[in-house]
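The residues making up each chain are set out below.
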Amino acid sequence: MLRPEPMARVLVAGPKDELERVIESLYALELVHLVDHRADDPEITIGKPLARASAVSEDLVKLRSIASILTVEEAEEPEDVAVSDLRAQVMTLDVNLREQDEARKKIEALLQDLDRRIEGLGPFASLGLALDAYRGYDSIEPVVGRVRETVRGLDAVAPEHEIVQAESALAVFVPKERADAVREFLAPFGFSPTDVPEGEGDPAELLARAKADREKWVARRAEVEERIAKLRNRYAKFVVKAEDQLQVEIEKAEAPLRFATSEHSFVIDGWVPASRIARLKEAFAAMPAIYLETLEAGHGHESEGEKPPVLLRNRGPARRFEFLTNLYSTPQHDEADPTAFMFLLFPVFFGLMIGDAGYGIVMIILGFTLSAKFRKMKELSDLMRVVLYGGFFAYIFGMLLYGEIFGIPFHAPEGSGEVDWTAILGYNIPYSPPIHKLESVGVIDLLLLSVVASSIHLGLGYVVGFANEWKHSKRHAFAKIGWLLILIGFLAFFAVLARTPDWCATSTDPGCGIASHRVVNQLFFDQPPLAWIPAEGLAFGGMTLPYFMLGSIIAGAGILIVAEPMGAMEIISLLANMMSYTRLAGVAVAKGAVALAFNTMFLPLIINEELFLTPPHLVQLNPNIAFVILGFILMFLAHAMVLILGAISAGIQSIRLNYVEFFLKFFKGGGILFSPFGARKSKAEA
Amino acid sequence: MADEGLIAMAVALTMALTALATAWAEKVVGAAAVGAMAENEKLFGKGIVFMVLPETIVLFGFAMAFLLLGKIGGA
């Protein structure tokens with residue numbers, strides 16, 4: 001569970017005429033992660049694709065063009081369609097569809113021409129002159145075009161002219177030598193010249209004819225499109241399924257490109273999970289011509305670039321957290337897989353930060369339903385599962401630690417004027433939660449809890465780091481011990497500072513009461529082994545540095561100086577790492593404050609405030625029912641926002657504590673994910 | 001009394017300035033991280049790590065502010 005699945009190297013060799021059968025069975029087995037053969041020996045070269053590869057890829061290209069004409073998307077739900085005789089079906093569909101597509105393209109080109117003609121005829125139709133009237137002059141030039149306003153005073157540039165004007169169009173007949181001057185004159189009126197369209201006769205009539213043509217072709221286009229749509233309805237599922245099938249075929253047909261081949265034989269090189277070797281052997285037992293050789297990993301086969309791929313093997317719910325590990329980096333084959341620790345601590349941190357039973361319940365429900373709903377999208381489904389576990393801890397902490405449901409506490413502090421569940425339910429909840437997020441005592445408790453959380457988390461990181469390094473370098477492994485000692489030293493400082501002092505046993509000092517009532521004191525600081533740390537220490541700058549702490553840090557630093565001299569200079573960064581866990585307190589407080597703010601704003605709409613503010617502080621619905629409804633709507637929106645923003649921030653902070661503080665203590669990453677040949681399930685099967 | 005006002009100011013300044021510093025740093029890192037992710041989506045995990053690193057600054061601020069707040073009589 002803490003280590004990735006051990007891998008074994010496997011070699012499959014055989015005569016070439018068995019190649020296709022071997023590919024088929026390897027594909028079906030989904031067990032072998034292929035290692036590509038590099039051709040550096042002229043005798044043993046990279047294999048050639050199977051004979052059908054080119055035909056299959058041709059079909060695939062055709063199918064893809066069909067898919068693009070039919071606008072079939074991958075998301076199309078593929079049903080079980082018979083795809084026997086794929087090739088013939090693709091051909092028929094291709095011919096059929098190509099015809100329609102070409103017809104559509106032709107019609108579209110025609111329509112464009114018609115649109116241009118209609119556009120060009122427009123001004124001439126409104127001018128009313130026959131098209132012949134614009135042509136065949138020797139000394140006169142017609143200046144025709146669109147114009148924005150009525151033209152006046154043309155006499156100034158062309159004393160001899162004839163002008164025909166209609167709305168937004170104009171034709172001026174002038175002597176040729178004046179034409180340029182006239183155009184210049186017309187420019188300020190918004191004149192833009194137009195060519196006289198081809199054809200003879202009345203332009204209005206021509207225009208009407210062109211428009212009629214256009215309508216006819218639009219109708220034709222609709223017909224063709226309808227036919228294409230029919231084809232789409234009929235074949236969309238087939239196309240998706242067929243494309244899928246062809247991709248599988250191509251993968252199989254091109255697989256020899258990854259194998260080593262000589263003239264008559266082939267060798268396939270790959271990795272198999274060691275536990276599944278028997279399954280592989282069994283599959284090839286029926287092929288006597290095939291020779292199968294397996295080597296356990298770690299037999300000199302791990303030169304650079306030949307590292308085994310990594311298959312994480314977490315069980316049960318922890319599986320759902322693998323994507324979080326892979327999001328950072330896939331572990332190396334020989335290092336610990338941190339997924340299990342993520343599974344243990346991520347939801348706890350998340351829950352501590354959300355810390356509200358109401359939000360917890362909502363997250364559990366959302367996480368459960370959405371992870372089922374998005375089962376097909378693995379990562380999204382996993383993410384929702386993570387939300388579910390986080391929500392579970394948010395619920396637990398919300399009930400037991402903070403006593404809060406939707407930002408409303410079980411018991412509001414005396415005289416705060418806040419609404420609490422005891423007042424709402426009219427029933428004194430017999431449990432008094434130990435931490436109130438928004439009181440300074442509670443915040444200090446949370447901050448100290450963060451210190452404990454940091455020590456546990458970082459300590460775990462160093463222990464795992466020690467185990468990881470032990471095989472590689474004893475020196476680096478000991479450096480982790482050094483770090484661990486320094487961490488214990490820092491923890492000792494906080495423990496002595498925060499624990500209930502001994503003299504409190506005989507004192508009634510109120511400070512003693514506060515300290516001994518803190519959750520963190522009851523659970524950790526006042527309990528062994530932390531309570532055993534002797535308090536005696538060196539007075540320094542108003543603080544007492546316990547001798548135990550000093551000893552532990554000096555010992556740790558000593559080890560570091562020997563084992564990892566550069567690390568010794570960064571001892572103080574460990575303190576920064578510990579401080580980083582105060583985000584647990586920070587986010588919890590901030591979220592609680594935002595929820596409280598919304599409640600303070602909107603609860604008075606729902607409840608009868610006057611009645612609540614006077615003793616005996618009864619909570620009743622606001623007599624104005626409109627306000628009650630409005631209040632509930634606003635409360636719903638506000639809490640939905642707090643929930644979503646809270647989940648995002650708590651999620652990111654929690655993942656950060658794992659990625660930055662925890663992973664950096666031991667995790668290298670950079671492994672290759674195990675992806676066996678054939679695992680690319682067709683979408684229909686997935 | 002005057003001291004309490006000063007301490008309160010210090011608390012506010014600590015929070016505000018550390019938050020500003022964090023925002024500034026995250027702005028730079030965030031832009032670069034998104035840029036890197038556009039090139040290679042696998043960098044998302046590393047991007048997040050770098051993106052949230054500067055948050056430690058505001059957390060120091062939070063812790064210091066809280067300790068300062070404790071110095072206001074009885075709060």
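The shown structure was predicted, so the numbers you read here are calculated from the model rather than taken from an experiment.

Here is what the cut-offs are and how they apply
Residues numbered from 1 in each chain as written. Chains lettered and ligands numbered in written order. Predicted model: local features only at pLDDT ≥ 70, side-chain atom pairs only at ≥ 80, totals over all residues. Heavy atoms only, no water. Helix = DSSP H or I, 4+ residues; strand = E, 2+ residues; numbered from the N terminus. Rg over C-alpha atoms; globule rule 2.2 N^0.38 Å. Contact = heavy atoms within 4.5 Å. Areas by Shrake-Rupley, 256 points an atom, 1.4 Å probe, with all protein chains shown as cover. Lys, Arg positive; Asp, Glu negative; His and termini not counted. Charge placed at Lys NZ, Arg CZ, Asp CG, Glu CD. Buried < 20%, exposed > 50% of the residue type's maximum accessible area, 1.4 Å probe, protein only. Pairing = 2+ DSSP bridges. Axes fitted to C-alpha atoms, helices over the stretch in contact; angles between N-to-C directions. Parallel < 35°, antiparallel > 145°, perpendicular 65-115°, else oblique. Left-handed = near helix turned anticlockwise from the far one by under 90°. Disulfide = S-S within 2.5 Å. Patch = residues over 30% accessible without salt bridge, like charges linked within 9 Å, V, L, I, M, F, W, Y side chains within 5 Å. Salt bridge = Lys/Arg side-chain N within 4 Å of Asp/Glu carboxyl O. Core = buried A, V, L, I, M, F, W, Y, C linked by side-chain atoms within 4.5 Å.

**Q** Please give an account of the overall build of chain B that cites residues and values.
**A** Each helix and strand in chain B was counted, giving three helices and zero strands. Starting at the N terminus, the α and β elements of chain B follow one another as α-α-α. Since a compact globule built from 75 residues should have a radius of gyration of about 11 Å, the 17 Å found for chain B marks it as more spread out than a globular shape. Judged by the C-alpha coordinates and their principal axes, chain B covers about 55 × 15 × 10 Å. Pairs at least 24 residues apart make up 80% of the contacts formed inside chain B by residues separated by at least 6 positions. For chain B, the exposed surface amounts to about 4,800 Å²; the carbon and sulfur share of it is 77%. Counting 4 positive and 6 negative side-chain charges, chain B places the centres of these two groups 10 Å from one another.

**Q** Explain the overall build of chain A to me, using residue names and the numbers behind them.
**A** Counting its secondary structure elements, chain A contains 21 helices and 14 strands. Compactness check: chain A gives a C-alpha radius of gyration of 40 Å against a globular reference of 26 Å for 686 residues, more than 25% above the reference. Expressed as lengths along the three principal axes of its C-alpha atoms, the size of chain A is roughly 125 × 90 × 50 Å. The buried share of chain A, reckoned over its 686 residues, is 45%. Once local pairs closer than 6 in sequence are excluded, the contacts in chain A between residues at least 24 apart make up 79%. A total of about 35,000 Å² of accessible surface is found on chain A, and carbon and sulfur atoms cover 61% of it. Distance from the positive charge centre (65 side chains) to the negative charge centre (85 side chains) of chain A: 4 Å.

**Q** Any chance you could break down the pairing of strand β9 (residues 265-273) of chain A for me, citing the residues and the numbers?
**A** All names here are of chain A. By the bridge criterion, nine bridges tie strand β1 (residues 7-15) to β9 in an arrangement that is antiparallel. Each bridged residue has a counterpart across the sheet, and for Gly-14 the counterpart in β9 is Phe-266. With two bridges connecting them, strand β2 (residues 33-34) and β9 associate as antiparallel partners. Of the residues in β9, the one forming a bridge with Leu-34 is Gly-270. When strand β8 (residues 260-261) meets β9, the two strands line up antiparallel, connected through two bridges. Residue pairing across strands places Thr-261 opposite Phe-266, the latter belonging to β9. Following β8, the chain reverses through three residues before pairing antiparallel with β9.

**Q** Residues and numbers for the environment of Arg104(A), please.
**A** Within the secondary structure, Arg104(A) sits in helix α3 (residues 86-127). Considered as a pair, Arg104(A) and Val224(A) are 120 residues apart in the sequence and their alpha carbons are 6.4 Å apart.

**Q** I'd like to hear about the packing of α3(A) against helix α5 (residues 203-254) of chain A, residue by residue, with values.
**A** Residues and elements named next belong to chain A. Their axes nearest at 8 Å, the elements α3 and α5 cross at an angle of 155°. Overall, the two elements α3 and α5 adopt an arrangement that is roughly antiparallel. For α3 against α5, the interelement crossing comes out left-handed.

**Q** Quick one: what's the story with the state of the cysteines, residue by residue and with numbers?
**A** All names here are of chain A. Scanning all chains against the criterion turns up one disulfide over all chains. Here Cys-504 engages in a disulfide with Cys-512; their sulfurs sit 1.7 Å apart. Of note, the bridge from Cys-504 to Cys-512 carries an S-S torsion of about -75° and is left-handed in sense. Cys-512 shares its class with Cys-504; the two are buried.

**Q** Which residues make up a negative patch on the surface, and what values do they have?
**A** A cluster of acidic residues, Asp40(A), Asp41(A), Glu43(A) and Glu263(A), forms a negative patch at the surface. Considering the arrangement of structural elements, one finds Glu43(A) in the loop between β2 and β3 (45-46).

**Q** Go over the nonpolar core with me, naming the residues and quoting the values.
**A** All names here are of chain A. Membership of the largest hydrophobic core comes to 102 residues, with the highest contact counts inside it found for Leu-324, Phe-525 and Tyr-659. By residue number, the principal contributor to this core is helix α13 (residues 474-498), which donates twelve residues. Once you skip the residues sitting within four places of it in the chain, Leu-324 turns out to touch Met-342, Phe-346, Val-386, Ile-655 and Tyr-659. Leu-29, Leu-34, Ala-255 and Val-272 belong to the second-largest nonpolar core, a separate cluster that totals 26 residues.

**Q** Requested: an account of a nonpolar patch on the surface, with residues and values cited.
**A** Residue and element names in this part refer to chain A. On the surface, Ile-625, Ile-629, Ile-633, Phe-636 and Leu-637 cluster together into a nonpolar patch covering about 540 Å² of accessible area. One can find Ile-625 in helix α21 (residues 625-662). Using a relative accessible area of 53% as the deciding quantity, one classes Ile-625 as exposed.

**Q** I'd like to hear about the sheet that holds strand β5 (residues 162-166) of chain A, residue by residue, with values.
**A** All names here are of chain A. Spatially, β5-β6-β4-β7 is the arrangement adopted by the four strands of the open sheet, whose pairing is antiparallel. Looking at which strands have only one partner, the edges of the open sheet turn out to be β5 and β7 (192-193). Bridge count for β5 against strand β6 (residues 169-175) is five bridges, and the pairing is antiparallel. The partner of Val-164 across the bridge, within β6, is Ala-171.

The values reported here are purely geometric and, on their own, carry no functional implication.
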